[in-house]
Amino acid sequence: MTARLVRFAFVFLVGAATITGVVRAAAAATRSSAEPVPILISRQLSTRAHVAVGDVVTLATDPTGTTARTFRVAAIYEPTPDPMRFTAERLEARVHLHDLVELTADAAVPASADAVDTINVRLIDPADAGQFASDLTARMPGLTVRPTSRPPEGDPFAVLDRFHLAIAIVTVVGSTAFLLALMVIRAEERRETIGALRLLGISRRSLLIEVAIEGVLIAAAGAVFGALVAFGAERIVNRVFQTRYDTTLVFVRVTASIALRSIAIAVPLGIVAGVGASWTLLRRDILTLVRR
Amino acid sequence: MTSAWLAWRTTTRYRARSALAMIGVAVISALLFDMLLLSHGLVDSFADLLEHAGYDVRVLSTEGVPLLRAPIPQAAELAVAVGQLPEVESVARVRFERAVVTTQGRPDVDVALLGTTATGTHAAWTLLKGAELPNDPSLERCPLIVAQRLATAWALVPGSTVSIRATLPGRQSALPAVGCRVVGTADFLFASADEYDVATTMQGLREVKGGAADDEADLVLVASRPQAGPAAAVRAIAKLRPDLRVYSNEDVVAQFNRNGFAYFRQVSVVLSSMTVVFAFLLVGTLLTVSTNQRLGEIAALRALGIGRPRIASMLLYESALLVGGGGVLALPLGGMLAFGLDRILRQMPGVPERLHFFVFAPGALVLHLALLAATAIIAASYPIWLTARLPIAPTLRHEVVG
């Protein structure tokens, strides 16, 4: 019975209960007389401990293994990605609550056999979450009751949203300056063409409309190209970071609404830059335009 | 006429486009500068906070994130044993609890209650008014140092009394409120904007917890002797108590850099790379379009006897003027932008008020300048190649006759 033993501390989450434990993976037969109960092991833990489905593992709440119990690995699961803990290695396992209680209960404290850290409640109408939390707190003072939805204030992701928005605004300002510079060069290039068109009798208004339409086409093409680049980059960025942190968390998601918002900002900016740069030429008199 | 002068004349001749290009470079470079500051800012600021507290070694019962609260038992005994090590200068025990402060005529307020044996220069606060916590805990039952923000909000001054009741996470508590006297107000090093910090002695904390005679600490802080250093102190404590986790400030910062700071480091790397590529593409495009527009002019200069190297250096100077001008503007602009972005990020819950995400570092400035110089050179390379291959006679004929 050569046992392949792998020991290390890990965070053990079952439902809402949390203990620190030690895993011993035994490839051969069990050392317990009772039939091992099922356990689910996270993919990361299974890789780290070299544990496969069907293996028998021993869990204990302390390194000496005084309260050890054997479990049979029923399945390997992928932990739900958590953006708050994406850098943490997800060394986790799940067992039925009564199995965990048996493992952790302190004989000297009878109440510990009926203790949990958290009770999750699914309401018939999720909109009642606030009222339910308030009612329960009033009936059972000392309990912390809160809806699972993100609180509006103190939400770190709302702060990150604002940070990303600020960076996006700065990028748009910088790009606009460059776009204007390019349009000024382009307008200068077409100085004589515009002069000739004016000599042929085409009005400033018609030329401005032409420039605006050209601006719409170029800006729309640029914005669509940008959105396509973003869609392409999304896959690369996600793959790089998912590999780096061994997670299935999606780091970048370019949604249709984000793409439309980018186009909605880019197109008017393109038109304004084109018309603004051309206006400096169009307002001049015809003879200056044709250098006479 | 030197190449630099020719470049200057060209830049000033096309003022509008040059000014717009410089503004564009300034904005993008400001973002680049900020991302370089962000790449180390939080870690540097965190390290500074740790150093400021006066202790260079931390002893915990578990490693990693404090997902599970696992205090150190018999902490007083441990502190005495650690204090006797030749590598150790002083030891302090710290215990954290949640509590509610009450006073007449005001709504209750939740506070982070810190029980500690650390006082004076080694405390994790800067005293603003009143006195430090007494060294002899028997002198006062429950002395308090309260955060300045709470003192201002509640008009507390040294000598004021408040009642404190400990709250136990996940458990119903019927602990009575204990009357405590404010001995001082302070600016807490690790206080976040969304909570009030209150410190008391370990004896005071025991009183608030109903007189429970536990001797636990969440954290034992150790100051090493200067001649021994933190590394030697860490080794000595780990040898004394191999069941505990002992970290020097350097270890804590390294762990923070690996875990807590990872997101911002990645954002910094991605955005720095993107802004450099963006700046290169835009300056390169501007120079190329501008050079294409002036091919006749450049061919004429060549025909007058100005050699390829001078034309190349003229274009390089033009690129340097655009990028350099924008780069100079980027520094104050980046400073202002960093201030604004820092204010946004510091709204994150639980972030100590004295922690900054953007911290100036000379290394970041040097790297910023080096990246801009590289951008200027690379952006000018295609227009230089274009003009180096320029056939003089056909270009002149095309530009003049065409």
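No experiment lies behind these values; they were computed from the predicted model shown. (Residues numbered from 1 in each chain as written. Chains lettered and ligands numbered in written order. Predicted model: local features only at pLDDT ≥ 70, side-chain atom pairs only at ≥ 80, totals over all residues.)

Some details on the overall build of chain B
Then, in step 1: Helix and strand content of chain B: twelve helices and ten strands.
Then, in step 2: Taking 2.2 N^0.38 as the reference for a compact globule, 402 residues should give roughly 21 Å; the C-alpha atoms of chain B span a radius of gyration of 31 Å, well beyond that estimate.
Then, in step 3: Taken along its principal axes, the extent of the C-alpha atoms in chain B is 100 × 55 × 35 Å.
Then, in step 4: Counting all 402 residues of chain B, 42% fall into the buried class.
Then, in step 5: Taking the intrachain contacts of chain B between residues at least 6 apart in sequence as the baseline, contacts between residues at least 24 apart amount to 82%. (Helix = DSSP H or I, 4+ residues; strand = E, 2+ residues; numbered from the N terminus. Rg over C-alpha atoms; globule rule 2.2 N^0.38 Å. Buried ≥ 20, exposed ≤ 12 C-beta atoms within 10 Å, placed from the backbone. Contact = placed C-beta atoms within 7 Å.)

Re the overall build of chain A
Then, in step 1: Per the secondary structure count, chain A includes eight helices and six strands.
Then, in step 2: In sequence order, chain A lays out its α and β elements as β-β-β-α-β-β-β-α-α-α-α-α-α-α.
Then, in step 3: Here chain A holds 292 residues, and 22% of them are scored as buried.
Then, in step 4: Summarising the internal contacts of chain A: among those between residues at least 6 apart in sequence, 69% fall at separations of at least 24.

Brief notes about the domain arrangement of chain B
Residue and element names in this part refer to chain B.
Then, in step 1: The domains assigned to chain B are domain 1 (3–49 + 260–400) and domain 2 (62–243).
Then, in step 2: With centres defined by C-alpha atoms, the gap from domain 1 to domain 2 works out at 50 Å.
Then, in step 3: With seven residues of domain 1 at the contact, the number on the domain 2 side is six residues.
Then, in step 4: Its residues assigned to classes, the side of domain 1 that touches domain 2 shows four nonpolar, one polar and two charged. (Domains from an automatic or database assignment. Nonpolar A, V, L, I, M, F, W, Y, C, P; charged D, E, K, R; others polar.)

A few points about the interface of chain B and chain A
Then, in step 1: On the chain A side, the residues contacting the 35 residues of chain B number 30 residues.
Then, in step 2: Tallied by class, residues from the side of chain B that touches chain A come to 21 nonpolar, eleven polar and three charged.

As for the packing of helix α2 (residues 15–52) of chain B against helix α10 (residues 308–345) of chain B
Residue and element names in this part refer to chain B.
Then, in step 1: Here α2 crosses α10 at 50°, and the two axes come no closer than 6 Å. The angle between α2 and α10 falls in the class oblique. Crossing hand, α2 versus α10: right-handed. (Axes fitted to C-alpha atoms, helices over the stretch in contact; angles between N-to-C directions. Parallel < 35°, antiparallel > 145°, perpendicular 65-115°, else oblique. Left-handed = near helix turned anticlockwise from the far one by under 90°.)

Overview of the packing of α10(B) against helix α11 (residues 362–388) of chain B
Residues and elements named next belong to chain B.
Then, in step 1: One can describe the packing of α10 onto α11 by two numbers: an axis separation of 8 Å at closest approach and a directional angle of 145°. Of the two elements, α10 crosses α11, and the hand of that crossing is right-handed. Judged by residue contacts, Arg308, Ile311, Ala312, Leu315, Leu316, Ser319, Ala320, Val323 and Gly327 of α10 engage Leu372, Thr375, Ala376, Ala379, Ala380, Pro383, Ile384, Thr387 and Ala388 from α11.
Then, in step 2: Among the residues forming the contact of α10 with α11, the class breakdown is 13 nonpolar, four polar and one charged.

What to know about the pairing of strand β5 (residues 143–147) of chain B
Residue and element names in this part refer to chain B.
Then, in step 1: Across the five residues of β5, five count as buried, placing the element largely inside the fold.
Then, in step 2: Relative to strand β7 (residues 178–188), β5 runs parallel, the two sharing five bridges. Pairing of Pro143 across the sheet is with Arg181, part of β7.
Then, in step 3: Here β5 pairs with strand β8 (residues 196–201) via two bridges, running antiparallel. Counterpart to Ile145 in the pairing with β8 is Ala199. (Pairing = 2+ DSSP bridges.)

Remarks on the environment of Pro38(A)
Residue and element names in this part refer to chain A.
Then, in step 1: Take Pro38: it is sitting in strand β3 (residues 37–42).
Then, in step 2: For the pair formed by Pro38 and Arg72, sequence separation is 34 residues and the distance between their alpha carbons is 4.9 Å.
Then, in step 3: Non-local contacts of Pro38, meaning those with residues more than four positions away in its chain, are made with Phe71, Arg72 and Ala74.

With respect to the nonpolar core
Then, in step 1: Residues Ala181(A), Val198(B), Val220(B) and Val222(B) are the most contacted members of the largest nonpolar core, which totals 133 residues.
Then, in step 2: Per element, the largest residue contribution to this core is 19 residues, and it comes from α2(B).
Then, in step 3: Other than its neighbours up to four places away in sequence, Ala181(A) contacts Arg17(B), Leu20(B), Ala21(B), Gly24(B) and Leu286(B).
Then, in step 4: Core analysis: the second largest hydrophobic core is formed by 15 residues, Val51(A), Phe71(A), Val73(A) and Leu91(A) among them. (Core = buried A, V, L, I, M, F, W, Y, C linked by C-beta atoms within 7 Å.)

Comments concerning the confidence of the model for chain B
Then, in step 1: Considering every residue of chain B, the mean pLDDT works out to 85; 94% of them sit at 70 or more.
Then, in step 2: Across the whole predicted complex the pTM is 0.74, and at the interface the ipTM reaches 0.77. (pLDDT = per-residue confidence, 0-100.)

Let's talk about unusual backbone geometry
Residues and elements named next belong to chain B.
Then, in step 1: Of note, Gln74 is a non-glycine position whose phi angle comes to about 45°, a positive value.
Then, in step 2: By the element assignment, Gln74 lies in the loop between β1 (57–60) and α3 (75–83).
Then, in step 3: Located in the positive-phi region is Ala155, a residue other than glycine, with phi close to 55°.

Topic: α2(B)
Working note: α-helix, 3.6 residues per turn, so residues spaced by three or four point in the same direction.
Residues and elements named next belong to chain B.
Then, in step 1: Helix geometry: α2 is bent most strongly at Gly41, by close to 40°.
Then, in step 2: Taken across its 38 residues, α2 has 27 buried, putting it largely inside the fold.
Then, in step 3: Immediately beyond the C-terminal end of α2, within one or two residues, lies Gly54, with a positive phi of roughly 90°. (Bend = angle between axes of the 7 residues up to and from the residue.)

Here we look at the confidence of the model for chain A
Then, in step 1: Mean pLDDT over chain A: 79, with 85% of residues reaching 70 or higher.
Then, in step 2: Note that pLDDT drops below 50 for residues 1–32 of chain A; the model gives that stretch 83 contacts with residues more than four away or on any other chain.

Details of the domain arrangement of chain A
Then, in step 1: Splitting chain A by domain gives domain 1 (9–114), domain 2 (121–149) and domain 3 (156–289).
Then, in step 2: Measuring from the centre of the C-alpha atoms in domain 2 of chain A to the corresponding centre in domain 3 of chain A gives 48 Å.

Overview of the environment of Ala186(B)
Residues and elements named next belong to chain B.
Then, in step 1: Within the secondary structure layout, Ala186 lies in strand β7.
Then, in step 2: In sequence terms Ala186 and Arg343 are 157 residues apart; their C-alpha atoms lie 22 Å from each other.
Then, in step 3: Excluding residues that lie within four positions of it along the chain, Ala186 makes contacts with Trp125, Thr126, Leu127, Leu128, Ile145, Ala147 and Gln148.

Points about the pairing of β8(B)
All names here are of chain B.
Then, in step 1: With respect to burial, β8 is a largely interior element, six of its six residues being buried.
Then, in step 2: Bridge count between strand β3 (residues 109–116) and β8: six bridges; the pairing is parallel. Within β8, the position partnered with Val111 by the bridge is Tyr196.

Describing the environment of Arg162(A)
Then, in step 1: Secondary-structure assignment places Arg162(A) in helix α4 (residues 156–189).
Then, in step 2: For the pair Arg162(A) and Thr87(A), spaced 75 residues apart in sequence, the C-alpha to C-alpha distance is 22 Å.

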